[in-house]
Amino acid sequence: MNQASPISVAQVTDLHLLATENCQLQGIQTTESLQAVIQRLQELREELDLVLLTGDLSEDGTPQSYENLQYQLNTLKIPTYWLPGDHDCAIAMDKILNQGMLSRRKSFQRGGWNFILLDSSLPEHWYGYLSSTTLEWLNSELQILGNYPTLVALHHPPFPVNSVWLDASGLQNPEELFAVLDRYPQVKLVLFGHIHQEFQHQRHQVDYFGTPSTCFQFHSQSPSFAINQDFPGFRLLKLYPDGRWETRVEKVPYPFPITSTATI
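Overview of the structure.

Criteria and thresholds
- Residues numbered from 1 in each chain as written.
- Predicted model: local features only at pLDDT ≥ 70, side-chain atom pairs only at ≥ 80, totals over all residues.
- Heavy atoms only, no water.
- Helix = DSSP H or I, 4+ residues; strand = E, 2+ residues; numbered from the N terminus.
- Buried < 20%, exposed > 50% of the residue type's maximum accessible area, 1.4 Å probe, protein only.
- Contact = heavy atoms within 4.5 Å.
- Polar contact = N/O pair within 3.5 Å; in protein donor to acceptor, adjacent residues only side chain to side chain.
- Phe/Tyr/Trp six-rings, centres within 6.5 Å; stacked < 30°, edge-to-face > 60°.
- Pairing = 2+ DSSP bridges.
- Axes fitted to C-alpha atoms, helices over the stretch in contact; angles between N-to-C directions.
- Expected span 1.5 Å × (residues − 1).
- Parallel < 35°, antiparallel > 145°, perpendicular 65-115°, else oblique.
- Left-handed = near helix turned anticlockwise from the far one by under 90°.
- Nonpolar A, V, L, I, M, F, W, Y, C, P; charged D, E, K, R; others polar.

**Description of the environment of Asp-60**
Mapped onto the elements, Asp-60 comes out in the loop between β2 (50-54) and α2 (63-74). Look at Asp-60 and you get partly exposed, because its relative accessible area is 34%. Residues within four places of Asp-60 in sequence aside, it is in contact with Leu-17, Leu-18, Ala-19, Ser-65 and His-87. A distance of 2.9 Å separates the side chain of Asp-60 from the backbone nitrogen of Ala-19, its partner in a polar contact. There is a polar contact of 3.1 Å between the side chain of Asp-60 and the side chain of Ser-58.

**Details of the packing of aromatic side chains**
Under the defined criterion, the tally for this structure stands at 10 aromatic pairs. Ring centres 3.7 Å apart and planes at 15 degrees place the aromatic pair Tyr-81 and Phe-108 in the stacked group. Within this pair, whereas Tyr-81 is found in strand β3 (residues 80-83), its partner Phe-108 is found in strand β5 (residues 107-110), the two being separated by 27 residues in sequence. A centroid spacing of 5.5 Å and a plane angle of 80 degrees characterise the contact between Phe-209 and Trp-245, whose relative ring orientation is edge-to-face.

**Considerations on the sheet that holds strand β9 (residues 199-203)**
Taken together, the six strands give an open sheet; going across it, the order is β5-β6-β7-β8-β10-β9, and neighbouring strands pair in mixed fashion. Edge positions in the sheet fall to β5 and β9, since each has one partner strand and no second. This sheet shows a mean twist of 20 degrees between the axes of neighbouring strands, independent of strand direction. Looking at chain direction, strand β7 (residues 150-153) and strand β8 (residues 187-192) are connected through four bridges and run parallel. When the sheet's bridge partners are listed, Leu-151 is paired in β8 with Leu-189. Sitting on the sheet, helix α4 (residues 132-145) touches β5, β6 (113-117), β7 and β8, and the angle it makes with β6 is about 170 degrees.

**Description of the sheet that holds β2**
Taking strand neighbours across the sheet as the criterion, the six strands line up as β4-β3-β2-β1-β13-β14 in an open arrangement whose pairing is mixed. Whereas interior strands pair on both sides, the edge strands pair on one side only; in this sheet they are β4 (102-103) and β14 (245-251). Pairing analysis gives five bridges linking strand β1 (residues 7-12) to strand β13 (residues 233-239), with the strands arranged antiparallel. Residue pairing across strands places Ala-10 opposite Leu-236, the latter belonging to β13.

**A closer look at the environment of Leu-15**
Tracing the sequence through the fold places Leu-15 in the loop between β1 and α1 (30-43). Note on Leu-15: relative accessible area 0%, which makes it buried. Residues Leu-15 and Leu-166 lie 151 residues apart in sequence; the distance between their C-alpha atoms is 17 Å. Once residues within four sequence positions are removed from consideration, Leu-15 is found in contact with Thr-30, Leu-34, Gly-55, Asp-56, Leu-57, Leu-69, Thr-214 and Cys-215.

**Digging into α2**
Between its first and last C-alpha, α2 extends 16 Å over 12 residues, near the 16 Å set by a 1.5 Å rise per residue. Considering only its buried residues, α2 is in contact with α1, β2, β3, α3 (90-96) and β4.

**A closer look at the packing of α1 against α2**
The relative placement of two packed helices comes down to the angle between their axes together with the axis-to-axis distance. Contact pair α1 / α2: the axes reach a minimum separation of 10 Å and the direction vectors enclose 20 degrees. Looking at the two axes, α1 sits roughly parallel to α2. The crossing of α1 and α2 is right-handed. Between α1 and α2, the contacting residues are Thr-31, Leu-34, Gln-35 and Ile-38 on the first element and Asn-68, Leu-69, Gln-72 and Leu-73 on the second. Partitioned by chemical class, the residues of the contact of α1 with α2 number four nonpolar, four polar and no charged.

Put into structure tokens, the structure is as follows:
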């Protein structure tokens, strides 16, 4: 790789896999929709350097759901890193998702970039929170890793997305996160999931991106729980060693019925 060449990253999020593969969630078999996404990633495999999984990999937190995920990802043969979301079981993930090309590392360097993955999940809570221990670790890693451009990822959005029910479940202490990030101008990007839709916001020259789910998508700016007919998706990023980046969201054609009209 020459100095000007970027690395390519796929952010894949909110898979919501179940212990039983043929079970449906909101009218969709989440294993099937993930397979459609993986098929597209297979087509891009020659240009992809790594995959980031940003939480809610499971719906039920069962070992079987993570074994299902490991099986699906093994076909890609791409280095893959993950962090938990509010539906996940971090203990089960740590045991199972650490074989082959899957790694449980939360800080690493690739292509002239630093990657730091944060756990914003709280057991039995839908909203997110970054503990003082996590924030201290983030600060320490940013000090140690130096001035290379840095990407930070977590599950919960640190900004409201103008959707009342979703905003109640975002990161509860974003100002504490910002207080750390503001000290380190090498931080260029923050990625998150949870919101099942595309989102972008810039704060202090840091760009924050939310990404569609590999299964169903939430209606944007909805006051209550509502899903739409948008296709599954994921985010592609090209990261250059000088700190420049490019990104786009890809949608994967996958016809499925939406049967839920539930509101919460």
